[in-house]
Amino acid sequence: MTMMPRRKRPVLTITCLILAAASCFGNLGEVPQVTVQPTSTVQKHGGPVILGCVVEPPWVNITWRLNGKELNSSDDALGILITRGTLVIAALNNHTVGRYQCVARMPAGAVASVPATVTLANLQDFKFDGQHIIEVDEGNTAVIACDLPESHPKAQVRYSVKQEWLEASRDNYLIMPSGNLQIVNASQEDEGMYKCAAYNPVTQEVKTSVSSDRLRVRRSTAEAARIIYPPEAQTIIVTKGQSLILECVASGIPPPRVTWAKDGSSIVGYNKTRFLLTNLLIDTTSEEDSGSYRCMADNGVGEPGAAVILYNVQVFEPPEVTMELSQQIIPWGQSAKFTCEVRGNPQPSVLWLRNAVPLAASQRLRLSRKALRVVSVGPEDDGVYQCMAENEVGSAQAMAQLKTARPGTTLKPWREAKLGSAQSPTPPARPSSPDRTLRDRAMFLRPRPTALPGSLQCTTAKGQVSPAEAPIILSSPRTSKTDCYELVWRPRHDSGNRAPILYYLVKHRKQVTNSSDEWTISGIPANQHRLTLTRLDPGSLYEVEMAAYNCAGEGQTAMVTFRTGRRPKPEIVASKEQQIQRDDPGASTQSNNQLDNSRLSPPEAPDRPTISMASETSVYVTWIPRGNGGFPIQSFRVEYKKLKKVGDWILATSAIPPSRLSVEITGLEKGTSYKFRVRALNILGESEPSAASRPYVVSGYSNRVYERPVTGPYITFTDAVNETTIMLKWVYKSASNNNTPIHGFYIYYRPTDSDNDSDYKKDVVEGDRYWHSISHLQPETSYDIKMQCFNEGGESEFSNVMICETKARKPSGQPGRLLPPTLAPPPILPPDPGDRPGGPGAMVARSSDLPYLIVGVVLGSIVLIIVAFIPFCLWRAWSKQKQTADLGFPSTALLSSSCQYTMVPLRGISAPRANGQPYINGQPYANGLHVNGACPSAGLGYPGVKTQEYSPGELQQGS
């Protein structure tokens, strides 16, 4: 029995070696590709930098270069850590800036990515330019120019206007992309000093100009038209695809009319342009927008055509590269010719590489910008050749594989992998936040699976097969194990033109609110359908994403969440119960009954559900239940709501059996964002709703990549409602974000006197609501308020910053009776200038406002009743006074108030007098006091009492 395993070990070892060798030789002809190029980054000194590089196939060996020099996997001297396709610079310094490239190597050849430039952010000082006096005719537009200092990335401008810093356009102040401030319809109120400041969004430095501008507004009867900005002809360079604004501001009395022309022809027939006041806008530039633009101003005073300014516009284009090889397999001794067609403006430089190594001209290698000729090829010339082009605005590359053969060898047809043009234009670097970079780091990590069978090779082009469908996960989301989880799945039935599965990619991580944890990634062979996830934390929630890979690349994603079991608690409670039971068995039974009764309740809310794609119009909702409240869970229900619409949650399905922890929700709209939540029900009722799922867009494919919105919202109105609440409204133009869908808005606020960004608190507004009340604020305190919009791709830039101060707390000694907060009338907000019928700022009644409307109606009714009751009380008092006078009561006995209150006296036996006070029907009667807090008429109105029994004299004696 003990000898059998020993005999089998060599056989198994040899078998594994044969399979591994077959796998290696099966992939010898495959060449790597860089599918996601590293991106240029700007970061401050000491800040973290993460560069990602994704290659196909994903298990290819990846190395990195800095300025052409190979880097070690862990370079302690530079502080650089390399993990698979990710390069991390812990703290950027002068030694780690430069050009980075990733290199993917396989036996058939190596490929280099386009270079990614990592630079230090900086902001220079303003140059002193003295004080300028700017004059403008009243009613015209004034321009305050700000000569921003050198900054990387480009600095954002701020303006000091009437002792308040202005970060974005507001009222009649228009901040242009150039940094200039345009004051529309200038008046005497706009006169004064203006100063600008520069803000670097990466280093967060702010530097203020040492010089200032004074604006004077003139009043004149007639003034010839003149162009006040720009002062001279300008040359503008813009990158293809970016927006362009040509500023032209004219002044004169009467205000002049401004017209534009391009290349001598009127701009009226040029459909791509629009106007912002007198400035010319082009939203998306292309090659045809290059040329000469002329701005002309005329108001009928002075010589016509005298006010003219010219713009020379050049549209730069990033390189585009296509590459061809004359013959794919070339016999030894013949020549190979590669042609490379490069487009771009300005003209790109071209670099040739073989197996990621730059080539230099020689007798056998003849290089030019358009072609590479290899003379008398031999086996040493096999490999991947790249044509890499670069100019001021981007980089691109294309590649082709060269194979050589011994003369006389029969040349078998060879199917080329997807090489061709692999362009990767690199736009100007945008600053990226470290948090966002860390969140995106996981997408660059790829595993190296175990060796795959050599028969599973891609013999068809990538575009001719469809991605694999999402696997079906069979594992239950509940497990009693505390530190591991058994993940089991099976492939979904493939049909149509889908290729066989090559391997599976499984990612898992601990799920927390703000997760920055990296994914733990495993590559699994296609014939394996089970994976044990180990080293887990007890009682923790984990999320799993997995996909199948075939010749088309990554397939659709399957997801599941699970919770590990908790460690057993020490048996302390049991020992206490045993002690009680020994001392007093009856007390123990009573205590247990009370304990059991206290634990009976509706179930706990399930964990946050996860969403995965089922079809183009349906999704799978999966959840994990928690405590059942003492009674078994009878069913679940799933609710959803659209993020683009403000409203209540809608019931998607109910009566889901407790054995099912996943359900398909059908009938959803394509392209619409949804959130889902789950409730559990037992005999005592339903649970609170679970936390809402992450936003999910029904788009027909689960791996949709979001583009983050760029331009943020614009706050139009703020007002202090009371001492603890501020109301704000805003507008958001999706057109400026290329109609990028958003899921909602973030609202940040902190006291104005705070300089610490960590003091900002955040409110979240989901959907397309454009107003919000910030509550729980401090009285008589000024707050800074700013906003962002967000989607799954990230957050936008910040909005303008508004400052608003809460109202002062009302003094406690204020006379009069104060209404409790629940009965206080609702605050009346001042009207917003934008709130006009049909206007952009008009507030539309929503279904969520109905409760406030009902409360307002009820409170209004109460006020009307009180107003109507006051005249009635006055009339009753008058009639009582009149009746008292008619009966001969002295003036001292008249009522001092029509409605006063006193304690209800004790009822007892009637007595003639008590302490000098007469009794009437067993109750004391005193001048000016009414019994039981009512407003009765004179004391003679008591039943059973005759007025003749008491004379005025007796009453005076008693008083």
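Residues numbered from 1 in each chain as written. Predicted model: local features only at pLDDT ≥ 70, side-chain atom pairs only at ≥ 80, totals over all residues. Heavy atoms only, no water.

With that out of the way, let us pick up the nonpolar core. One finds Trp-64, Leu-71, Leu-87 and Tyr-100 to be the most contacted residues of the largest nonpolar core, which totals 26 residues. Contributions of two or more residues to this core are made by strand 3 (49-52), strand 5 (61-66), strand 8 (80-83), strand 9 (86-89), strand 10 (98-106) and strand 12 (116-120). At 4 residues, the largest contribution of residues to this core is made by strand 10. (Core = buried A, V, L, I, M, F, W, Y, C linked by side-chain atoms within 4.5 Å. Buried < 20%, exposed > 50% of the residue type's maximum accessible area, 1.4 Å probe, protein only. Helix = DSSP H or I, 4+ residues; strand = E, 2+ residues; numbered from the N terminus.)

This paragraph deals with the side chain of Gln-397. Summarising the element assignment, Gln-397 is placed in strand 41 (residues 394-405). A polar contact of 2.9 Å, which involves the side chain of Gln-397, links it to the side chain of Gln-386. (Polar contact = N/O pair within 3.5 Å; in protein donor to acceptor, adjacent residues only side chain to side chain.)

Turning our eyes to something else, we now look at the pairing of strand 30 (residues 273-276). Relative to strand 31 (residues 279-282), strand 30 runs antiparallel, the two being bridged by 4 bridges. Residue pairing in the sheet places Arg-274 in a bridge with Leu-281 of strand 31. Connecting strand 30 to the next strand, strand 31, in antiparallel fashion are 2 residues, including Leu-277 with a positive phi near 55°. (Pairing = 2+ DSSP bridges.)

What you see with strand 65 (residues 802-805) is a clean split: Met-802 and Cys-804 sit on the buried side and Ile-803 and Glu-805 on the side with no burial. Here strand 63 (residues 782-791) pairs with strand 65 via 4 bridges, running antiparallel. Each residue of the ladder has a partner; that of Ile-785, found in strand 65, is Met-802.

The next point concerns the environment of Gly-333. Within the secondary structure layout, Gly-333 lies in the loop between strand 34 (329-331) and strand 35 (336-345). For Gly-333, a relative accessible area of 48% puts it in the partly exposed group. Once the C-alpha coordinates of Gly-333 and Pro-379 are considered, the two residues, 46 residues apart in sequence, prove to be 9.9 Å apart. Discounting chain neighbours no more than four positions away, the residues touching Gly-333 are Ser-376 and Val-377. (Contact = heavy atoms within 4.5 Å.)

Strand order in the open sheet formed by 3 strands is 50-51-54, and the pairing between neighbours is antiparallel. A strand with exactly one partner marks an edge of an open sheet, and here the two such strands are strand 50 (610-615) and strand 54 (662-665). On average, each strand axis in the sheet is inclined to that of its neighbour by 25°, with strand direction left out of account. When strand 51 (residues 618-622) meets strand 54, the two strands line up antiparallel, connected through 4 bridges. Residue Thr-622 lies in a different strand from strand 54, and its bridge partner there is Ser-662. (Axes fitted to C-alpha atoms, helices over the stretch in contact; angles between N-to-C directions.)

A contiguous nonpolar surface patch, about 550 Å² in accessible area, is contributed by Ile-854, Val-858, Ile-862, Ile-866, Ile-870 and Leu-874. Take Ile-866: it is sitting in helix 5 (residues 850-886). What makes Ile-866 partly exposed here is its relative accessible area of 48%. (Patch = residues over 30% accessible without salt bridge, like charges linked within 9 Å, V, L, I, M, F, W, Y side chains within 5 Å. Areas by Shrake-Rupley, 256 points an atom, 1.4 Å probe, with all protein chains shown as cover. Salt bridge = Lys/Arg side-chain N within 4 Å of Asp/Glu carboxyl O.)

The next subject is the sheet that holds strand 62 (residues 771-774). An order of 58-59-62 is seen for the 3 strands of this open sheet, with the pairing classed as antiparallel. The two strands at the open ends of the sheet, each matched to only one other strand, are strand 58 (714-720) and strand 62. Each adjacent strand pair in this sheet contributes to an overall mean axis angle of 20°, direction not counted. Bridge count for strand 59 (residues 726-731) against strand 62 is 4 bridges, and the pairing is antiparallel. Pairing of Lys-729 across the sheet is with Trp-771, part of strand 62.

Below, the discussion takes up the pattern of salt bridges. Taken as a whole and assessed by the stated rule, the structure comprises 35 salt bridges. Between Glu-545 and Lys-507 there is a salt bridge, with the nearest N and O atoms lying 3.8 Å from each other. Taken together, the residues span a long stretch of sequence, with Glu-545 in strand 48 (residues 541-550) and Lys-507 in strand 45 (residues 503-510) at a distance of 38 residues. Given a relative accessible area of 21%, Glu-545 falls into the partly exposed group. Classification of Lys-507 by relative accessible area gives buried; the value is 16%. One continuous salt-bridge network, built from bridges that share partners, spans Glu-135, Asp-137, Arg-218, Glu-223 and Arg-226.

Our focus in this paragraph is the confidence of the model for the protein. A low pLDDT score tells you not to read the predicted coordinates there in detail. Model confidence for the protein is summarised by a mean pLDDT of 75, while 71% of its residues fall at 70 or above. This stretch, residues 813-847, has a pLDDT under 50; its non-local contacts, to residues over four places away or in other chains, come to 33 contacts. Taken as a whole, residues 884-959 scores under 50 in pLDDT and shows 81 contacts with residues more than four places along the chain or in a different chain. (pLDDT = per-residue confidence, 0-100.)

For the rest of this paragraph, the subject is the state of the cysteines. A disulfide bridge is the covalent bond that connects two cysteines by way of their sulfur atoms. Applying the stated rule across the entire model yields 4 disulfides. Disulfide pairing places Cys-146 opposite Cys-196 at an S-S distance of 2.1 Å. The S-S bond linking Cys-146 to Cys-196 shows a torsion near 75°; that makes this disulfide right-handed. Of the two residues, Cys-146 is situated in the loop between strand 15 (142-144) and strand 16 (151-152) and Cys-196 in strand 21 (residues 192-199); the sequence distance between them amounts to 50 residues. Cys-196 shares its class with Cys-146; the two are buried. Two residues share a disulfide in this structure: Cys-340 and Cys-387, whose sulfurs sit 2.0 Å from each other. The chirality of the disulfide connecting Cys-340 with Cys-387 is left-handed, given an S-S dihedral of about -80°. Placement of the pair is Cys-340 in strand 35 and Cys-387 in strand 40 (residues 383-391), with a sequence separation of 47 residues. (Disulfide = S-S within 2.5 Å.)

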